[in-house]
Amino acid sequence: MADEALSAGAVARRLGVAVTTLRTWHQRYGLGPSEHVPGHHRRYTPADLARLEVMRRLTAEGVAPAEAARWARQGPDVARPGADVRARTAVGRDGGPTIPVGRAGPAARGLARAAMRLDSVAISERIARAIATDGVVATWDRLLRPVLVGIGERHDATGGLVEVEHLVSRCVSESLAAAARAAAPAGPPRILLACADEEQHSLPLEALAAALAEVGAGYRMLGARVPVPALLEAVNRTGPAAVVVWSHTRTTADPGQLAALLAAHRRPLLVLAAGPGWQADTLPAGVVRPVDLSEALSLAVAVRDALDRPAAS
């Protein structure tokens, strides 16, 4: 077993996450390395790696980290527990249909009810209030993502809620844009945001834009379905420090897009492959896959700060 055990760095590279993320999963949820050789750092066994693969997959699909860890500790053979967990809340107390939000709090349940009523005013007010109180990242993780995932799961199961999905998506997009405008970042736009070619799911990227604005980081947003030539043209014309490419599904996650960025004339210091579409073992060397919105924000801001830091005299 010793020759199969992996260091934290090797596991991080396989999963496409930061070593600090592994440390957090170890300290908070007990998903750490189990092999111990006296006088050496603990190392991850294949079983440890399999559990972490489950953790990585579920968190990318919108399952809360604590819930994802509970499933991961049961072993790598769980299929789609997120849907299983939320299915238990698919019917409201009055017997009518509702949007499952798992273990999300009362704010998410209230937003889900407003969504089912197609009450755009209430939806927008709840989102704006959450952003003002908790900030963009917390609002996305605790309020918006559980509801959006729940709508998607109900649609997959029933074929319905298309009108709900369209209305909620519009309200979320408008609310995030309003938050970004209100923040008015003062710094130069060092970060370029784009969806992968043919990728139409742009809301997570819009959330990152609003989060960047909230911390004063300037950015350019290219939006959905950005062809590779257009992305390269934008990079070579603006010279961003970091480029974030979002992919929601494997069908849009062509690693060739990332390789082209790395070969660009004005190659960015950091290329982030964000979203569950990207697979760690297909990413070109030098590309980082953030585990969630918070990590993507931290990495992008760190590169921005490094570039803007005055040179030592």
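All values reported here derive from a predicted model rather than from experimental measurement.

How each quantity is defined
Residues numbered from 1 in each chain as written. Predicted model: local features only at pLDDT ≥ 70, side-chain atom pairs only at ≥ 80, totals over all residues. Heavy atoms only, no water. Helix = DSSP H or I, 4+ residues; strand = E, 2+ residues; numbered from the N terminus. Buried < 20%, exposed > 50% of the residue type's maximum accessible area, 1.4 Å probe, protein only. Areas by Shrake-Rupley, 256 points an atom, 1.4 Å probe, with all protein chains shown as cover. Axes fitted to C-alpha atoms, helices over the stretch in contact; angles between N-to-C directions. Parallel < 35°, antiparallel > 145°, perpendicular 65-115°, else oblique. Left-handed = near helix turned anticlockwise from the far one by under 90°. Contact = heavy atoms within 4.5 Å. Pairing = 2+ DSSP bridges. Right-handed = clockwise from strand over helix to strand, strands pointing away. Arc of directions from axis to C-beta. Core = buried A, V, L, I, M, F, W, Y, C linked by side-chain atoms within 4.5 Å. Expected span 1.5 Å × (residues − 1). Bend = angle between axes of the 7 residues up to and from the residue.

1. Some thoughts on the overall build of the protein
Then comes step 1: In terms of regular secondary structure, the protein is built from 13 helices and 5 strands.
Then comes step 2: A burial count over the protein gives 47% of its 313 residues as buried.
Then comes step 3: Split by element, the accessible area of the protein, about 15,300 Å² in all, is 53% carbon and sulfur.

2. Brief notes about the packing of helix α6 (residues 106-116) against helix α8 (residues 136-158)
Then comes step 1: Between α6 and α8, whose axes approach to 9 Å, the crossing angle comes to 45°. One way to sum up the angle between α6 and α8 is to call them oblique. Crossing hand, α6 versus α8: right-handed. Taken together, the residues of α8 that come into contact with α6 (itself represented by Ala107, Ala108, Leu111 and Ala112) are Arg142, Leu143, Leu144 and Val147.

3. Here's the deal with the pairing of strand β1 (residues 189-195)
Then comes step 1: For β1, a buried count of 5 out of 7 residues is recorded, marking the element as mostly surrounded by other parts of the structure.
Then comes step 2: Summarising the sheet, β1 and strand β2 (residues 218-223) pair through 5 bridges and their orientation is parallel. Bridge pairing in β2 links Pro189 to Gly218.
Then comes step 3: With respect to chirality, the unit in which β1 leads through helix α10 (residues 203-214) into the neighbouring parallel β2 is right-handed.
Then comes step 4: Bridge analysis of β1 against strand β3 (residues 242-246) gives 5 bridges, and the strand direction is parallel. Pairing of Leu192 across the sheet is with Val243, part of β3.

4. Digging into the sheet that holds β1
Then comes step 1: The 5 strands lie next to each other as β2-β1-β3-β4-β5, forming an open sheet whose pairing is parallel. Strand pairing shows two members of the sheet lacking a second neighbour, β2 and β5 (287-288), which therefore form its edges.
Then comes step 2: Bridge analysis of β3 against strand β4 (residues 270-274) gives 5 bridges, and the strand direction is parallel. Among the inter-strand pairings, Val245 is bridged to a residue of β4, identified as Ala273.
Then comes step 3: The strands touched by helix α11 (residues 228-238) within the sheet are β1, β2 and β3, with β1 carrying the most contacts at an inclination of about 180°.
Then comes step 4: With respect to the sheet, helix α12 (residues 255-262) is in contact with β3, β4 and β5, its orientation differing from that of β4 by roughly 170°.

5. Thoughts on the environment of Ala47
Then comes step 1: Here Ala47 shows up in helix α3 (residues 46-60).
Then comes step 2: Sequence separation between Ala47 and Ala5 is 42 residues; the distance between their C-alpha atoms is 9.6 Å.

6. Examining helix α2 (residues 19-29)
Then comes step 1: For α2, the full list of buried residues reads Thr21, Leu22, Trp25 and Tyr29. Around the axis of α2, the buried residues are gathered within 105° of arc, so they sit on the same side.
Then comes step 2: Backbone geometry just downstream of α2 places Gly30 in the positive-phi region, at approximately 75°.

7. Some remarks on the pairing of β3
Then comes step 1: For β3, the tally of buried residues reaches 5 of 5 residues, placing the bulk of the element in the interior.
Then comes step 2: Where burial is concerned, the two faces of β3 agree: the one with Ala242, Val244 and Trp246 and the one with Val243 and Val245 are both buried.
Then comes step 3: Each parallel crossover has a hand, and the one from β3 via α12 to β4 is right-handed.

8. Focus on the nonpolar core
Then comes step 1: Counting 55 residues, the largest nonpolar core has Ile123, Val172, Ile191, Leu193, Leu208, Leu212 and Val244 as the members making the most contacts within it.
Then comes step 2: By size, the runner-up hydrophobic cluster in this structure holds 21 residues, among which are Ala10, Leu49, Leu52 and Ala69.

9. Some words on the side chain of Arg304
Then comes step 1: As for its placement among the helices and strands, Arg304 is situated in helix α13 (residues 293-308).
Then comes step 2: Exposure remark for Arg304: the relative accessible area of 12% places this residue in the buried category.
Then comes step 3: Once you skip the residues sitting within four places of it in the chain, Arg304 turns out to touch Arg190, Ile191, Val215, Gly216 and Ala217.

10. Focus: α8
Then comes step 1: For α8, with 23 residues, the first-to-last C-alpha span of 31 Å sits near the 33 Å given by 1.5 Å per residue.
Then comes step 2: The largest bend in α8 is about 40°, located at Leu144, with the proline Pro146 one to four residues further on.
Then comes step 3: The first or second residue beyond α8 is Gly159, which carries a positive phi of 80°.

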